[in-house]
Amino acid sequence: MMKKKNTISVKMMNLLQKGINRLGSDATGRIKKYIESRMTPHDLFMNKSGEEDIYYTTFGWMLSYLFGIKIRGEQARRQWQNLTVDRGDLIQYAAYVRSGLLLDLLSGRYGRALLRSVVPSTKAGTVVFVSFPHNDGCSPYSTFIRLSLLEDMNGTVRNKKEMTGSLTAYRVAATGGYSNIAGNGEASVNATAAALSVIGQLNGYAMNDDVEYLSRSQDDSGGFSASENTPLPDVLSTATALFALNCYGVTPRVDPVPFIEAHWLESGGFAPALFEETSDIEYTFYGLLALGAC
């Protein structure tokens, strides 16, 4: 029997664990303390404004699970259920579903039964979204979120050719790579990483010109910039690029570890870019993901 391949979320969790395993005890303690500092009294996680946020809670609960941080399950579930979530928004809904699954993991009762009562649907049972990143439900980033959400919900992709074929409109033929805007002449690292992840999950992780574009986009510092016209590499773009390259079995041409370490702050969190002295739970997630994907 063919072994079932890991979902995108499981691959991320595995690389996060590798990143954590690379840390010494002092570093682990500092990062764990930072994660706990971003937790609210209800055991959810706060955004940059200090407000409870479903999006940031997803990152926080995944890191809590991997760092062994205790969550008071029943209290957290009650507060989670009371959060205002736009279920027609793809990003909000994906965060809502994933945080619910993570809460099950943290509570020691992982299961999918709760999903039947939270999926927004028409009478025909089709999930309906009206809000997407870049106002485009077919962009590489939207497609990446839709596929990973479907995997997390234990669904089956029945339109592989349609899903991968729609990405063609976003490919930048002149340079390789993808944009999140159809017909755009400039590729971006994050759109390329998203498209390659979708194609790899559905068709197999075979080397191609777009993987090569991603590989050569690495800066001499070891990091990745969002695009060629973005002068400063950042942690998010570095993490998404390294994640995709890792999935394709490609070793970065420049060791990214010094770049990642340069973004680790005294607080224990990770800064989005150099010269920034603030962090949040999302960028701490991406810093550790990048470290694990090196």
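Higher on the page you've got the structure.
Remember, predicted model here, so these are calculated numbers, not experimental data.

Draft legend 1. Broad picture of the overall build of the chain. Broken down by element type, the chain carries twelve helices and zero strands. Listed N to C, the secondary structure of the chain is α-α-α-α-α-α-α-α-α-α-α-α in terms of helices and strands. A principal-axis box enclosing the C-alpha atoms of the chain has dimensions of 55 × 50 × 45 Å. A burial count over the chain gives 55% of its 294 residues as buried. Total accessible area on the chain stands at roughly 13900 Å², and carbon and sulfur atoms take up 51% of it. Of the side-chain charges in the chain, 28 are positive and 29 negative, and the distance between the mean point of each set is 11 Å.

Draft legend 2. Representation of unusual backbone geometry within the structure. The phi angle at His-134 is positive, at roughly 60°, despite the residue not being glycine. Within the secondary structure, His-134 sits in the loop between helix 5 (90-106) and helix 6 (140-152). Here Asn-135, not a glycine, exhibits a phi torsion of approximately 55°, which is positive. Note that Asn-135 resides in the loop between helix 5 and helix 6. Of the residues examined, Asn-135 reaches a relative accessible area of 75% and is grouped as exposed.

Draft legend 3. Summary view of the nonpolar core. One finds Trp-61, Phe-67, Phe-285 and Leu-289 to be the most contacted residues of the largest nonpolar core, which totals 83 residues. Sequence-distant contacts of Trp-61, defined by excluding residues within four places in its chain, comprise Asp-43, Leu-44, Phe-45, Ile-71, Ala-76, Trp-80, Ser-99, Leu-102, Leu-103 and Leu-106.

Draft legend 4. Representation of helix 5 in the model. With 17 residues, helix 5 extends 24 Å between its outermost C-alpha atoms, agreeing within 8% with the 24 Å of an ideal straight helix rising 1.5 Å per residue. Most of helix 5 is tucked away, with 14 of its 17 residues classed as buried. With a side-chain oxygen positioned 3.0 Å from the backbone nitrogen of Ile-91, the residue opening helix 5 is Asp-89. The positive-phi residue at the C-terminal boundary of helix 5 is Gly-108, with phi of around 75°.

Draft legend 5. Spatial organisation of the pattern of salt bridges. Counted according to the given criterion, the structure contains seven salt bridges. One salt bridge in this structure joins Lys-48 and Asp-280, with 3.7 Å as the shortest N-O distance. Linking Lys-48 in the loop between helix 2 (25-37) and helix 3 (54-67) with Asp-280 in the loop between helix 11 (257-261) and helix 12 (281-292), this pair joins segments that are 232 residues apart in sequence. Using a relative accessible area of 1% as the deciding quantity, one classes Asp-280 as buried. A salt bridge links Asp-210 to Arg-171, with the shortest nitrogen-to-oxygen separation between them at 3.0 Å. Of the two residues, Asp-210 sits in helix 9 (residues 209-216) while Arg-171 sits in the loop between helix 7 (160-165) and helix 8 (189-203), which places them 39 residues apart along the sequence.

Draft legend 6. Region of the structure containing the packing of helix 2 against helix 12. Running from N to C, helix 2 and helix 12 cross one another at 150°; their axes reach a closest spacing of 10 Å. With respect to helix 12, the axis of helix 2 lies roughly antiparallel. As helix 2 runs across helix 12, the sense of the crossing is left-handed. Across the interface between the two elements, Ile-31, Tyr-34 and Ile-35 of helix 2 pack against Ile-281, Thr-284 and Leu-288 of helix 12.

Conventions and cut-offs
Residues numbered from 1 in each chain as written. Predicted model: local features only at pLDDT ≥ 70, side-chain atom pairs only at ≥ 80, totals over all residues. Heavy atoms only, no water. Helix = DSSP H or I, 4+ residues; strand = E, 2+ residues; numbered from the N terminus. Buried < 20%, exposed > 50% of the residue type's maximum accessible area, 1.4 Å probe, protein only. Areas by Shrake-Rupley, 256 points an atom, 1.4 Å probe, with all protein chains shown as cover. Lys, Arg positive; Asp, Glu negative; His and termini not counted. Charge placed at Lys NZ, Arg CZ, Asp CG, Glu CD. Core = buried A, V, L, I, M, F, W, Y, C linked by side-chain atoms within 4.5 Å. Contact = heavy atoms within 4.5 Å. Expected span 1.5 Å × (residues − 1). Polar contact = N/O pair within 3.5 Å; in protein donor to acceptor, adjacent residues only side chain to side chain. Salt bridge = Lys/Arg side-chain N within 4 Å of Asp/Glu carboxyl O. Axes fitted to C-alpha atoms, helices over the stretch in contact; angles between N-to-C directions. Parallel < 35°, antiparallel > 145°, perpendicular 65-115°, else oblique. Left-handed = near helix turned anticlockwise from the far one by under 90°.

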